[in-house]
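Structural description and commentary
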Amino acid sequence: MFNAIIMPIAKVLGYIFNLLFEALSFLHIGNVAVAIVLFTIIVKLCMLPLSIKQQKLTKLNAVMSPEIKAINAKYKDKRDDQNAMMKMQEETQAVYQKYGVSPTGSCVQLAIQLPILYALYQVIQNIPAYVSSVYNVFNGVCTQILAVDGFADIINNFITDNKMTRVRQVTDNADSIVDFLYALSPSQWKSLQDISQFSGFSDQISKTASEIQKMQTFGVLNIADQPLSYIKTGSLILIIAALAIPLLSWATQMLNLKLMPQAATQGNDDNNAMASSMKTMNTVMPLMSAFFCFTFPVGLGIYWIASAVVRSIQQLLINRHLNKMNIDDLVNENMKKMEKKREKAGLPPQKITNQAHQSAKNINKIEKGSSNTNVETRAKKVEEAYKDAANAKPGSITAKANLVKAFDERNKKK
């Protein structure tokens, strides 16, 4: 099911990556690393509206948090009371309605973004599968290897001997051979030439290695090689460049996490435990990223760095935008969107008086033992309270209704 969602998205992203690489090749910049950086920027920019929407929800959640906490505290000792839990759910829903927010809003945003991010990673991991000009570089060698008896066993033994853990086992098809060849580091290309069964076309192997390395060279590093292998060479320049990859991966991800607004917790033990887990994960994940960068190909590290840098720049701009935004304007914007959705669905406009009465009832209990428990009756009381605005006492339900009426009138003026 997951692959059924990811693969079509990866196919679309792969098509875009192929067009980008062809355009760079036309400009004589046919470099995979440069294409990865530009491609990451393009995809992240396309996802910017989703990011902004998610951040708006985070800001509203922070504003709503004190009200949600108050409701949770009110029913803290009534967890076994089913009626109390129903009332708690009703009051919580009223808060979400008041701010024009769906309880599942942030989940929906993540559900949209995650498949795109996984598909993006899939494309970066399997460049030849999506970029025809990179795939074609290996055609000559691939044809020669396919003609060798027992080539699959020979290559699979090579994979095992060289500890190429991130390469799948080669089968009888050309695609698996191309994936294997693309994953070879410069030193492994030389080892491939030394295999006796491949000696008849060692010159072609050397020529292909030279051609693909031009596409894979990023500064002094080859994106198919591992930083750890460069550190073992003893060359100071290569060691510094190789160390920069994991260090930058850690630093850029930490910066991104610092810039991200933190969702407010809602005051119960479960949420506090979740917040603690998130804090631990935010500390551990960048460190794991740096650790993996030592043993993963340089190209993957470049992708992680580019992604974190783009996210950080976007986050700075989003933070600046949201800091200038008035929370009332944000609520009004959400309410208008909700009403448009209701209109499209053929539903009548949602009366804010219903929501207001629920909120007022939750904070100020209506007459103790009152039989007016149905929603329509309670809403009618608030409508009547509007008419008696001049005599409203501070803190009364009428005063609460007046506040909502003022809010409603501001919406009409927008």
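The structure we're discussing is the one just above.
So, a few notes on the structure that sits alongside this text.

How each quantity is defined
Residues numbered from 1 in each chain as written. Predicted model: local features only at pLDDT ≥ 70, side-chain atom pairs only at ≥ 80, totals over all residues. Heavy atoms only, no water. Helix = DSSP H or I, 4+ residues; strand = E, 2+ residues; numbered from the N terminus. Expected span 1.5 Å × (residues − 1). Bend = angle between axes of the 7 residues up to and from the residue. Buried < 20%, exposed > 50% of the residue type's maximum accessible area, 1.4 Å probe, protein only. Core = buried A, V, L, I, M, F, W, Y, C linked by side-chain atoms within 4.5 Å. Contact = heavy atoms within 4.5 Å. Salt bridge = Lys/Arg side-chain N within 4 Å of Asp/Glu carboxyl O. Polar contact = N/O pair within 3.5 Å; in protein donor to acceptor, adjacent residues only side chain to side chain.

For the rest of this paragraph, the subject is helix α14 (residues 236-259). Across its 24 residues, α14 extends 34 Å between first and last C-alpha, which sits within 8% of the 34 Å expected from 1.5 Å per residue. Where α14 bends most, the angle comes to about 25°, and this point is Ile245, followed within four residues by the proline Pro246. Every buried residue of α14 is accounted for by Leu238, Ile239, Ala242, Ile245, Pro246, Ser249, Thr252, Gln253, Asn256 and Leu259.

Along the chain, Lys87 turns up in helix α4 (residues 82-98). For Lys87, a relative accessible area of 46% gives the class partly exposed. Separated by 16 residues in the primary sequence, Lys87 and Ile71 have C-alpha atoms spaced 9.7 Å apart.

If you look at the biggest cluster of nonpolar residues, it comprises 67 residues, and the most contacted ones within it are Val134, Phe180, Leu181, Leu192 and Phe198. The dominant element in this core, judged by the number of residues it contributes, is helix α1 (residues 2-26), at seven residues. Residues in contact with Phe198, not counting those within four places in the same chain, are Ile145, Val148, Ile154, Ile155, Leu192 and Ile205. Leu60, Ala84, Tyr99 and Val101 belong to the second-largest nonpolar core, a separate cluster that totals 16 residues.

Summed over the entire model, instances satisfying the criterion amount to two salt bridges. One salt bridge in this structure joins Glu91 and Lys74, with 3.3 Å as the shortest N-O distance. Of this pair, Glu91 sits in helix α4 while Lys74 is found in helix α3 (residues 48-74), placing the two residues 17 residues apart along the sequence. A residue is classified by how much of its surface remains accessible, and Glu91, at 2% relative accessible area, is buried.

Attention now goes to the environment of Lys74. The exposure class assigned to Lys74 is partly exposed, which follows from its relative accessible area of 32%. Side-chain polar atoms of Lys74 contact the side chain of Glu91, separated by 3.3 Å.

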